[in-house]
Amino acid sequence: MYMKNFIFLFVIAPLFLSAGIKHLSLQNAMKMLDKNNLELKISRFTEQMKAYEAKAAKGHNYGKLDVSISAMRSNDAGNVFGFKLQSREANFGDFGAQEFLNNFQLAQGGNAQAGADLFTKPPSDLNYPDARNHYQTKFSYMLPLYTGGKLSEYGHITSAMYRMSQYDTQKLLNEKVFQTKKAFYDISLVSHYISNLSKIIKNIKKLESIVRAMQKEGYAQNIDLLEVQARKAEADSMYNQAKLNKDLAYQFLSFLLNTKVDSIKQVHDMAPMPHIDKDAVESNNIDIQKALLGLQITQMALNVEKANFLPTVGAFAEYGSADNTFWNEFRDKDSYTFGVQLKWNIFNGGIDAANLERAKVNYMMVENQVDLAKSGIALKVKKLQTEILSANADVRSFKKQYKFAEKVYENYRARYKEGLVSISDVLIKQSKELEILLKLLTVKNKRNTKIFELNSILNTGGNV
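Residues numbered from 1 in each chain as written. Predicted model: local features only at pLDDT ≥ 70, side-chain atom pairs only at ≥ 80, totals over all residues. Heavy atoms only, no water.

Before going further, it helps to examine the overall build of the chain. When you go through the chain residue by residue, the secondary structure sums to 13 helices and four strands. For the chain, the residues scored as buried account for 37% of the 464 residues in total. Long-range pairs, those at least 24 residues apart, make up 85% of the contacts in the chain between residues at least 6 apart in sequence. With the model as given, the accessible surface of the chain reaches about 28300 Å², and the carbon-plus-sulfur share is 58%. (Helix = DSSP H or I, 4+ residues; strand = E, 2+ residues; numbered from the N terminus. Buried < 20%, exposed > 50% of the residue type's maximum accessible area, 1.4 Å probe, protein only. Contact = heavy atoms within 4.5 Å. Areas by Shrake-Rupley, 256 points an atom, 1.4 Å probe, with all protein chains shown as cover.)

Right, here's the structure in full:
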């Protein structure tokens with residue numbers, strides 16, 4: 001019994017796992033895209049890292065406070081004497097004063113050797129001290145007082161780079177919106193195409209029935225039937241290819257949303273033309289905004305190079321205590337040091353001057369890049385407008401041609417039944433109908449693509 005239940009679950013589970021969203025609307029797809037798309041998630045992680053970089057850069061303005069704790073043991077004469085000095089415990093005995101007094105007293109009592117040792121024998125307490133422990137705790141604080149504006153500009157640059165990463169995310173979002181909308185319109189367009197193909201295949205089947213009936217009456221030959229069947233096979237192939245394209249569009253949509261989508265609420269197969277405003281284009285377009293921000297960053301970099309000609313001033317302070325026992329009599333044996341340092345480069349072979357001139361040239365170059373971006377975007381918008389208007393005219397033309405081709409085919413089919421035209425004539429007209437239908441699909445698809453590209457350039461969401 002348990003084995004049967006397990007087999008049932010094993011078979012049915014993948015069906016639940018593979019089930020996707022049905023009747024997804026474009027509005028809900030946009031919400032899912034913003035929330036689920038993996039590339040957008042990665043881009044937003046990059047934004048967060050840039051934000052932390054900006055925060056870290058600003059932190060340099062507040063200086064640096066360190067605490068160090070060291071524990072040592074040594075019998076080196078210099079170290080032991082230094083340990084005692086830092087612990088404020090050094091005395092004359094450390095210089096051999098007691099040995100000197102002992103030899104002095106012996107020399108006064110007539111001991112000639114003691115008198116000689118008084119001036120020639122090094123004091124043992126000074127040169128061969130006992131090993132000593134040393135524990136030191138020190139707090140160190142360094143603060144930049146003046147850097148010629150370098151720290152401020154570095155903070156501004158990292159903040160601008162964070163802003164730049166936001167523009168990158170917005171541009172990526174526009175691209176994904178473009179792709180998602182295109183997928184929706186492609187699916188809707190190919191669905192209409194499949195529907196029209198179905199009607200054409202149905203008409204071919206009717207024509208096949210007519211040919212069969214006329215063949216029985218002796219008014220049609222077998223070659224006529226084969227010709228119709230060949231055309232039907234061609235139409236079936238186009239139908240199957242359209243279905244495969246539709247499935248591929250669904251797979252791509254599922255990839256964009258990071259969620260399996262089985263069906264959508266179809267949209268009109270002609271995307272609406274957006275409103276164009278020149279001033280809005282310049283203020284909203286991501287590439288222009290990035291170029292303007294890049295100009296600001298180059299100005300900041302120029303200010304950094306200017307700062308190399310100015311002095312830097314910093315302050316430092318230290319406070320600590322030392323002893324042969326950890327944290328023993330900390331306040332009684334504490335010490336401090338503080339000061340200010342000024343540093344000013346006088347000569348470095350003209351490196352700073354060359355870097356400053358390079359920064360000035362770079363600023364002028366970026367100024368021209370901003371103008372180029374503005375004129376380039378304006379030209380691209382105008383070009384897309386022209387292509388869309390041209391496509392609109394083509395769509396209207398092909399729609400009329402398609403309606404005419406339908407009527408012509410119906411007319412020739414009726415004339416064939418009367419024996420006025422050959423089956424080849426009928427199929428030529430039917431082929432023309434298929435050709436125009438395919439052209440109509442192609443031009444609609446190109447038109448929609450141009451409109452989505454235009455929306456992406458316009459950044460209809462506004463400023464980031």
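Its place among the elements puts Asp-334 in strand 4 (residues 334–343). A polar contact is formed between the side chain of Asp-334 and the side chain of Tyr-319, at a distance of 2.9 Å. Excluding anything up to four places from it in sequence, Asp-334 contacts Arg-88, Tyr-319, Gly-320 and Ser-321. (Polar contact = N/O pair within 3.5 Å; in protein donor to acceptor, adjacent residues only side chain to side chain.)

Next up on the list: the packing of helix 2 (residues 26–36) against helix 8 (residues 150–217). Where helix 2 meets helix 8, the axes come as close as 11 Å, and the angle between the chain directions of the two elements is 145°. Seen from above, helix 2 lies across helix 8 with right-handed handedness. Of helix 8, the residues touching helix 2 (which contributes Leu-26, Ala-29, Met-30, Leu-33 and Asp-34) are Leu-173, Lys-176, Val-177, Thr-180, Lys-181 and Phe-184. In terms of residue class, the contact of helix 2 with helix 8 is built from seven nonpolar, one polar and three charged. (Axes fitted to C-alpha atoms, helices over the stretch in contact; angles between N-to-C directions. Left-handed = near helix turned anticlockwise from the far one by under 90°. Nonpolar A, V, L, I, M, F, W, Y, C, P; charged D, E, K, R; others polar.)

Another aspect to go through is the pattern of salt bridges. Taken as a whole and assessed by the stated rule, the structure comprises 24 salt bridges. Each of Glu-89, Arg-132, Asp-323, Glu-329 and Lys-333 takes part in a single network of salt bridges with overlapping partners. (Salt bridge = Lys/Arg side-chain N within 4 Å of Asp/Glu carboxyl O.)

Moving on to helix 11 (residues 286–307). Compared with the 32 Å implied by 1.5 Å per residue over 22 residues, the 31 Å span of helix 11 between its first and last C-alpha is a close match. Residue Asn-285 occupies the N-cap position of helix 11, its side-chain oxygen lying 3.0 Å from the main-chain nitrogen of Asp-287. (Expected span 1.5 Å × (residues − 1).)

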